[in-house]
Amino acid sequence: MTCACKGIRTCPICESRGKSQIFNNDNTDVDVYLYCPSCQKGWLEGKTCHPNHIGTSIEFPGIFIKQDFVSETEEANISSKIYQTPFVESQSGRRKQDFGPKVNFKKKKLKCGNFCGLPEFSKDLHDRMLKLDILTDFVPVEQCHLEYSPERGSSIDPHFDDFWVWGERLVTLNLLSDTVLYFVSDEHPNVEVQVPMFQRSLIVVYGAARDKWKHGIHRADVKKTRLAVTLRELSPEFSKGGKKMDEGKILLDIALTFKGQAVGTTTNAR
Ligand SMILES: O=C(O)CCC(=O)C(=O)O
Ligand SMILES: [Fe+2]
């Protein structure tokens, strides 16, 4: 078996990345584990491709990566559609577009607001997602587009996506450039697991990676403009059998019209 990245492009796993660049808040060194998609483990200073890893590793379940989920032509078409809609400024140098319900995470309130569905171009993407074993029953209720750029020093601080309204699987299509999604956890002080997000790949974050580890993107890992297209599903509370399934059903019926326009400044994921 060869490394999942081999022969496709230079990936953050195969590049040597300076551990010394990373410090946590009190300036102590952080042990950086590079995630290998082939063995689903993080490798401490793992500069070698699968299967030739050496040294210390950490199990890191809950990541699925599908390389080249879209072609270069599709990437260009999707990006050009995204850029037909204005972005709104977001935190930490990001810009965003939202297609989803209006959520007040603190007060746990949810409204349809102006939500009129996911964008048209996502219909094909969703059909393709359903063919992946991990997503056969994935029903997206929200889509968020984030644009990162080195000029604006874009990044995203480590966070959990909300658990009240969003379900287990976070699905992101990575467009225009590669980056690295890093994971940290209070249960593993001074440990950072870095997961490659390849251009045109799809990543699914679920299980322990979703609910035990926070995720973020370092400013230094935004080397070129990047678009993230993230789709989220409903939590069990809003799904079939849950206390709020009726509210959930209304939102899904809207989402799946695929006739949406961006709804302006509504949600953060948390
Ligand atoms: O840009 C990404 O891929 C991550 C975005 C993210 O974590 C979020 O929107 O909650
Ligand atoms: Fe997130």
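Everything quoted here is computed from the prediction, not taken from an experiment.

**Notes on the overall build of the protein**
Line of reasoning, step 1. Of the regular secondary structure elements, the protein holds 4 helices and 16 strands.
Line of reasoning, step 2. Evaluated residue by residue, the protein yields a buried proportion of 39% over its 270 residues.
Line of reasoning, step 3. In the protein, the share of contacts with a sequence separation of at least 24, taken over all contacts with a separation of at least 6, comes to 73%.

**Section: the pairing of strand β12 (residues 179-184)**
Line of reasoning, step 1. Across the 6 residues that make up β12, a large majority, 5, are buried.
Line of reasoning, step 2. Here 5 bridges tie β12 to strand β13 (residues 191-197), and the two strands are oriented antiparallel to one another. Bridge assignment links Y182 to a residue of β13, and that residue is Q194.
Line of reasoning, step 3. Between β12 and β13, which follow one another and run antiparallel, lie 6 residues, and N190 among them has a positive phi close to 65°.
Line of reasoning, step 4. Strand direction decides the pairing type here: β12 and strand β15 (residues 214-217), joined by 3 bridges, are antiparallel. The residue bridging V184 from the neighbouring strand is K214, located in β15.

**What to know about the UniProt feature "domain: Fe2OG dioxygenase" (unreviewed entry) in the protein**
Line of reasoning, step 1. Residues given the UniProt feature "domain: Fe2OG dioxygenase" (unreviewed entry) here are residues 140-235.
Line of reasoning, step 2. The span residues 140-235 shows a helical share of 5% and a strand share of 55%, and its end C-alpha atoms are spaced 11 Å apart.

**A closer look at the nonpolar core**
Line of reasoning, step 1. Counting residues in hydrophobic clusters, the biggest one holds 43 residues, and the most contacted among them are Y35, I63, L173, V193, V195 and I203.
Line of reasoning, step 2. Looking at this core element by element, the count peaks at 5 residues for strand β1 (residues 31-36).
Line of reasoning, step 3. Among residues more than four places away in sequence, those in contact with L173 are F69, V70, L125, L202 and V229.
Line of reasoning, step 4. V141, F238, A255 and A262 belong to the second-largest nonpolar core, a separate cluster that totals 12 residues.

**Structural notes on the sheet that holds strand β11 (residues 166-175)**
Line of reasoning, step 1. The strand order across the open sheet built from 7 strands is β4-β14-β11-β16-β9-β6-β5, with neighbouring strands paired in antiparallel fashion. The two strands at the open ends of the sheet, each matched to only one other strand, are β4 (63-66) and β5 (88-89).
Line of reasoning, step 2. Together, β9 (140-148), β11 and β16 (226-234) form the strand contacts of helix α1 (residues 72-82), whose direction differs from that of β11 by roughly 105°.

**Quick look at the environment of W166**
Line of reasoning, step 1. The residue W166 is located in strand β11 in this model.
Line of reasoning, step 2. With 24 C-beta atoms packed within 10 Å, W166 lands in the buried category.
Line of reasoning, step 3. Through-space distance from the C-alpha of W166 to that of M129 is 18 Å; in sequence the pair is 37 residues apart.

**Here's the deal with the sheet that holds strand β2 (residues 41-44)**
Line of reasoning, step 1. Reading across the sheet, the 7 strands line up as β3-β2-β1-β13-β12-β15-β10 and stay open at both edges, with mixed pairing between neighbours. The sheet is open, and its two edges are formed by β3 (57-59) and β10 (156-159), each paired on a single side. Averaged over all neighbouring strand pairs, the angle between strand axes comes to 30°, with direction disregarded.
Line of reasoning, step 2. Alignment of β2 against β3, held across 3 bridges, turns out to be antiparallel.

**Side note on helix α2 (residues 122-129)**
Helical periodicity: at 3.6 residues per turn, an α-helix aligns residues three or four positions apart in one direction.
Line of reasoning, step 1. Every buried residue of α2 is listed here: S122, L125 and M129. An end-on view of α2 places all buried positions within 60° of arc, on one side of the element.

**Structural notes on the pairing of β11**
Line of reasoning, step 1. Judged by how many residues are buried, β11 sits mostly within the fold: 7 of 10 residues are covered.
Line of reasoning, step 2. Pairing between β11 and β16: 7 bridges, direction antiparallel. Each residue of the ladder has a partner; that of T172, found in β16, is T230.

Scoring rules and cut-offs
- Residues numbered from 1 in each chain as written.
- Chains lettered and ligands numbered in written order.
- Predicted model: local features only at pLDDT ≥ 70, side-chain atom pairs only at ≥ 80, totals over all residues.
- Helix = DSSP H or I, 4+ residues; strand = E, 2+ residues; numbered from the N terminus.
- Buried ≥ 20, exposed ≤ 12 C-beta atoms within 10 Å, placed from the backbone.
- Contact = placed C-beta atoms within 7 Å.
- Pairing = 2+ DSSP bridges.
- UniProt positions renumbered as here; feature names shortened; annotations may be inferred.
- Core = buried A, V, L, I, M, F, W, Y, C linked by C-beta atoms within 7 Å.
- Axes fitted to C-alpha atoms, helices over the stretch in contact; angles between N-to-C directions.
- Arc of directions from axis to C-beta.

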